[in-house]
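Here is what each chain is made of, one letter per residue.
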Amino acid sequence: MYHVISCDQFSRDDLESIFRLTDAVRSQPEAFRTALAGKIVATVFYEPSTRTRLSFEAAVLRLGGNVISTENAKEMSSAIKGESLPDTIRVIAGYCDAIVLRHPDIRSAEVAAQVSRVPIINAGSGSGEHPTQAVLDVYTIYQYKKKIDGLTIAVLGDLLFGRTVHSLVKLLALYRDITIYGLSRDVLSLPEDYIAYLATKGVRYIPCRSLREIPPEVDVLYHTRTQTERFANTDLQIEEFIIDKESLDYFSPHTILMHPLPRRNEIAPDVDGDKRAVFFAQSHYGMYVRMSLLHSILAGR
Ligand code: NCD
């Protein structure tokens with residue numbers, strides 16, 4: 001693996017080897033403590049982040065590497081002076097061994113990869129993709145369900161602008177006998193090109209307009225935040241599908257509730273103590289998955 005741009009690039013075997021390495025990193029952290037010794041990773045974020053940036057940085061540090069960072073590249077880097085993304089990347093690539101990039105443009109990671117002499121890791125490209133999130137999402141599902149083939153997954157919330165959903169459905173399409181329910185308001189439906197892609201991969205995709213259209217025995221509920229920043233100049237009001245104790249109890253005791261976080265009111269805090277609510281475990285697994293990805297990309301290079 002060199003760049004991580006899109007979930008299109010992963011095979012099932014790739015995921016399996018990333019997951020095996022993630023298990024090793026979790027069970028024998030001491031064996032990885034110096035894996036990135038002498039390496040510098042730059043985290044370059046033009047959009048807000050808590051988990052993605054800090055889990056990447058913690059991952060680098062836990063592997064013995066060093067981090068250079070611009071957490072608000074939109075205002076605090078030379079972007080504010082009018083520097084283009086390619087120029088910024090060319091320069092930063094001269095200082096480090098890999099760049100973790102979050103940027104509002106859908107094609108940003110691709111554009112960066114074209115000019116970078118070090119690996120680019122896409123940490124969110126506008127409303128496009130968020131591949132490392134999807135890898136940690138599938139890893140989390142695997143931890144709880146012990147398989148991916150044959151699962152039924154409901155994705156909820158903002159399926160139009162939600163990059164985590166876009167990347168997740170692409171990874172799920174690598175597996176057999178997958179059914180995906182998509183619950184959103186009409187204006188936030190999954191884009192047609194994703195629906196067509198799922199059809200070509202033999203995934204059943206079933207759009208829904210209410211929680212009760214999702215079968216109670218669904219394996220995974222994957223909720224997301226309405227990406228209001230993507231339609232800030234409209235007066236569109238979105239009524240959320242709220243998962244609280246009562247609505248969660250419609251689902252099976254085996255259904256797990258995931259969310260990439262941050263959540264707002266779409267998941268009520270009264271479910272946090274429910275053993276089906278796994279979103280904090282999911283974000284914790286994220287750090288180990290990112291250790292495994294960084295190790296695959298950088299160790300020994
Ligand atoms: C998501 C993102 O930035 O796309 N967060 C994350 O990386 N865990 C989801 C969101 O912002 O709603």
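I will try to describe carefully the structure that is included in this document. If you're wondering where the values come from, they're calculated on a predicted model, not measured in any experiment.

A few words now on the sheet that holds strand 5 (residues 152-156). Sheet architecture is open: five strands sit in the order 7-6-5-8-9, paired in parallel fashion. Strands with a single pairing partner mark the edges of an open sheet, and in this sheet they are strand 7 (204-208) and strand 9 (256-258). In this sheet, neighbouring strand axes are inclined to one another by 20° on average, regardless of whether the strands run parallel or antiparallel. Where strand 6 (residues 179-183) and strand 7 come together, five bridges link them in parallel fashion. Pairing of Tyr181 across the sheet is with Ile206, part of strand 7.

A contiguous nonpolar surface patch, about 280 Å² in accessible area, is contributed by Ile68, Val91 and Tyr95. Summarising the element assignment, Ile68 is placed in strand 2 (residues 66-70). Given a relative accessible area of 34%, Ile68 falls into the partly exposed group.

Attention now moves to the site of the ligand. Every residue close to the ligand is listed here: Thr52, Arg102, His130, Gln133, Arg163, Thr164, Arg225, Gln227, Pro260, Leu261 and Pro262. The contact in question runs from an oxygen atom of the ligand to an N or O atom on the side chain of Gln227, over 2.8 Å. Contacts to the ligand include Leu261, whose backbone N or O atom sits 3.0 Å from a nitrogen atom. When isolated, the ligand has an accessible area of 320 Å², and the protein chains bury 93% of it. In this structure the site holding the ligand corresponds to the largest pocket.

What counts and what doesn't
- Residues numbered from 1 in each chain as written.
- Predicted model: local features only at pLDDT ≥ 70, side-chain atom pairs only at ≥ 80, totals over all residues.
- Heavy atoms only, no water.
- Pairing = 2+ DSSP bridges.
- Helix = DSSP H or I, 4+ residues; strand = E, 2+ residues; numbered from the N terminus.
- Axes fitted to C-alpha atoms, helices over the stretch in contact; angles between N-to-C directions.
- Patch = residues over 30% accessible without salt bridge, like charges linked within 9 Å, V, L, I, M, F, W, Y side chains within 5 Å.
- Areas by Shrake-Rupley, 256 points an atom, 1.4 Å probe, with all protein chains shown as cover.
- Salt bridge = Lys/Arg side-chain N within 4 Å of Asp/Glu carboxyl O.
- Buried < 20%, exposed > 50% of the residue type's maximum accessible area, 1.4 Å probe, protein only.
- Near = heavy atom within 4 Å.
- Polar contact = N/O pair within 3.5 Å; in protein donor to acceptor, adjacent residues only side chain to side chain.
- 1 Å grid on protein atoms, 1.4 Å probe; cavity = no way out; pocket = protein on both sides within 12 Å on 5 of 7 lines; lining within 4 Å.
- Sits in = over half its atoms within 2 Å of the grid points.

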